[in-house]
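# Breakdown of the fold
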Amino acid sequence: MSRIITTDDGSQYQKASVAKSYGGIMAGSVAQTGMLLSSELLAARFMNKMKKLHQGVDTLEIKSALEKALTDSGAAANGTKIVDYAGVEAKSTVDFIGNKMEKLFAKKVKFSDLNPKKLWKKGIKFINDIIHNEIKLGNNAAYDPELNKVFINTQKLGLSGFHEAGHSLNATTSKFWRVIQKLRLPGMLAAAGISLIALYKRPKAKGEKPKNFIDRATDFIKNNAGKLTLFAFVPVVAEELKATARGNKMAKQIKTLSPEIVKKVAKTNRCGAMTYLLLAAGMALAAVSGSKVRDAITKPKQVA
């Protein structure tokens with residue numbers, strides 16, 4: 001394959017060597033990771049604030065209010081239930097993942113285990129187990145639309161239960177928001193794909209035109225990676241904000257909750273929303289920075 005690019009005006013450019021291209025991709029990956037870690041660190045600050053807001057809160061009061069919120073909103077009638085991990089022991093995240101990996105490597109691998117469907121299911125289960133361990137630790141809360149259940153540790157993060165109940169209303173009372181909810185995972189996968197294309201697509205020489213439809217499409221994705229990533233996160237952010245609005249409304253309607261607790265619910269939900277906004281921004285910046293770093297290193301050089 002020729003490493004020389006000839007543009008329409010007769011100019012010639014030399015592509016970066018394989019080693020240089022590999023180095024550019026590695027450097028771009030580091031830039032992407034740095035951006036994602038930065039957004040994660042900022043998100044962790046909001047998560048810690050959520051935990052602090054829960055300090056001193058009456059767990060029984062919150063649990064009772066959540067059950068009443070599900071009943072009054074109609075979520076309970078639609079089958080939504082709360083799974084409370086309060087008092088359930090859990091390992092630290094590092095120990096939990098380490099234990100899982102030890103069991104994985106200790107198991108003899110069969111050829112049938114390499115089936116893509118089995119690998120996908122095992123991968124999903126692995127991630128799901130980690131998420132539930134995080135919930136038990138009080139580092140997260142979640143609503144599972146497939147099971148129609150809110151998973152939470154009311155002793156450590158009970159104030160987030162109203163937001164998760166809001167997700168249940170999105171799933172069970174609105175066709176529109178149910179569709180938006182289903183678009184969350186495809187949106188996040190699309191964002192990851194955009195980031196990879198932006199990183200692995202080589203930069204064009206000045207005046208170099210795309211060869212075919214795929215080349216044009218990947219050029220478009222690379223050149224608009226930040227905007228496209230933010231667009232991919234629209235369903236995630238929109239559905240999160242709607243769940244927050246519904247959760248805040250449910251909390252306000254519970255007369256047994258003090259105004260102070262209602263305010264804490266709203267503050268907790270704002271912090272939760274910020275973690276998703278930071279994730280969207282982090283992914284967009286990661287896609288752009290990775291692409292630019294790779295391009296700076298592997299940009300074709302004019303030779304004639």
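Residues numbered from 1 in each chain as written. Predicted model: local features only at pLDDT ≥ 70, side-chain atom pairs only at ≥ 80, totals over all residues. Heavy atoms only, no water.

### Regarding the sheet that holds strand β6 (residues 301–302)
Strand order in the open sheet made by the three strands is β1-β2-β6, with antiparallel pairing throughout. In this open sheet, the two edge strands, each paired with only one partner strand, are β1 (4–6) and β6. (Pairing = 2+ DSSP bridges. Helix = DSSP H or I, 4+ residues; strand = E, 2+ residues; numbered from the N terminus.)

### Focus: the pairing of strand β5 (residues 149–152)
Regular strands have side chains that alternate between both faces of the sheet. Across four bridges, strand β3 (residues 81–84) lies against β5 in parallel orientation. Looking across to β5, one finds that Val83 is bridged to Phe151. Here strand β4 (residues 142–144) runs beside β5; their pairing, made up of three bridges, is antiparallel. Note on β5: the bridge partner recorded for Ala142 is Phe151.

### Re the pattern of salt bridges
Counted according to the given criterion, the structure contains 14 salt bridges. Taking the shortest distance from any N to any O, the salt bridge between Asp215 and Lys201 comes out at 2.3 Å. Remark: Lys201 occurs in the loop between α8 (184–200) and α9 (213–223) and Asp215 occurs in helix α9; sequence separation between them is 14 residues. Take Lys201: its relative accessible area is 14%, and that puts it in the buried class. (Salt bridge = Lys/Arg side-chain N within 4 Å of Asp/Glu carboxyl O. Buried < 20%, exposed > 50% of the residue type's maximum accessible area, 1.4 Å probe, protein only.)

### Quick word on empty space enclosed by the protein
Within the structure shown, the criterion is met by one cavity of 30 Å³ or more. Taken as a whole, the largest cavity encloses approximately 40 Å³ of empty space. In terms of lining, the largest cavity is formed by Ala69, Asp72, Ser73, Met250, Gln253 and Ile254. At the level of secondary structure, the elements contributing two or more residues to the lining of the largest cavity comprise α2 (59–73) and α11 (234–253). Element by element, the count of residues in the lining of the largest cavity is highest for α2, at three residues. Counted by class, the lining of the largest cavity contains three nonpolar, two polar and one charged residues. (1 Å grid on protein atoms, 1.4 Å probe; cavity = no way out; pocket = protein on both sides within 12 Å on 5 of 7 lines; lining within 4 Å. Points joined across faces, edges and corners; volume = space filled by probe spheres on them. Nonpolar A, V, L, I, M, F, W, Y, C, P; charged D, E, K, R; others polar.)

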